[in-house]
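# Architecture and fold: a report
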Amino acid sequence: MSQERSWSGRTFTSVQTPAGLFDAIVCNNLHKHGQTFRTILVFTLEANRYFEENRANSVSREGNLLKLPRGIYEGDGRSVSYFG
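Worth saying up front: this structure is predicted, and the values here are computed from it rather than measured. (Residues numbered from 1 in each chain as written. Predicted model: local features only at pLDDT ≥ 70, side-chain atom pairs only at ≥ 80, totals over all residues. Heavy atoms only, no water.)

Side-chain pairs of opposite charge can arise whenever the charged atoms involved come near each other. Overall, the coordinates contain four salt bridges when judged by the stated rule. Put simply, Glu 53 and Arg 49 hold a salt bridge, and the shortest N to O gap is 2.3 Å. You can see Glu 53 and its partner Arg 49 sitting in helix 2 (residues 40-54), four residues apart, about one turn around the helix. Relative accessible area serves as the criterion here: at 54%, Glu 53 is assigned to the exposed category. Residue class for Arg 49 comes out partly exposed when judged on its relative accessible area of 34%. (Salt bridge = Lys/Arg side-chain N within 4 Å of Asp/Glu carboxyl O. Helix = DSSP H or I, 4+ residues; strand = E, 2+ residues; numbered from the N terminus. Buried < 20%, exposed > 50% of the residue type's maximum accessible area, 1.4 Å probe, protein only.)

In C-alpha cells:
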C-alpha cells in the first residue's frame, strides 16, 4: 500500500498551532508517537508492518475500525492512529 493510501482520512484533522495550521498526523501522531522513526515514511512503513503482523489479533470497534494494542486501523488496513 502506498504511503498516501496507508492513512485513514480520519487521521487528517486540522490542528492550529502558533506556527500555523497542520494536520493531525504530523502534529499528534508523528510528534507524540513517532519520534523514534524520524520520518513519516518510516513511521508509515512501521505502522503498516505492525498491522499486517497483528491483524488476526485485532478487536472490531464501531465504525469499521480494528483496535490493536499499538494502533487503530480501518477495516481495510489504513492507519487511523499508530502508537509506535
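Having seen the model, we can carry on.
Another aspect to go through is the packing of aromatic side chains. Evaluated as defined, the whole model comprises three aromatic pairs. Where Phe 43 meets Tyr 82, the ring centres are 5.7 Å apart and the plane angle is 55 degrees; that geometry is what we call tilted. Of this pair, Phe 43 sits in helix 2 while Tyr 82 sits in strand 6 (residues 79-82); the two residues are 39 residues apart in sequence, bridging distant segments of the chain. Exposure class is identical for Phe 43 and Tyr 82. Each is buried. A ring pair is formed by Tyr 50 and Tyr 82, whose centres lie 5.6 Å apart and whose planes are at 50 degrees; its orientation type is tilted. Of this pair, Tyr 50 sits in helix 2 while Tyr 82 sits in strand 6, and the two are 32 residues apart along the sequence. Assessed through its relative accessible area of 6%, Tyr 50 is described here as buried. (Phe/Tyr/Trp six-rings, centres within 6.5 Å; stacked < 30°, edge-to-face > 60°.)

In terms of nonpolar packing, the biggest core is built from nine residues, these being Trp 7, Phe 43, Ala 47, Tyr 50, Phe 51, Leu 66, Leu 68, Tyr 73 and Tyr 82. Per-element accounting of this core gives the leading share, four residues, to helix 2. (Core = buried A, V, L, I, M, F, W, Y, C linked by side-chain atoms within 4.5 Å.)

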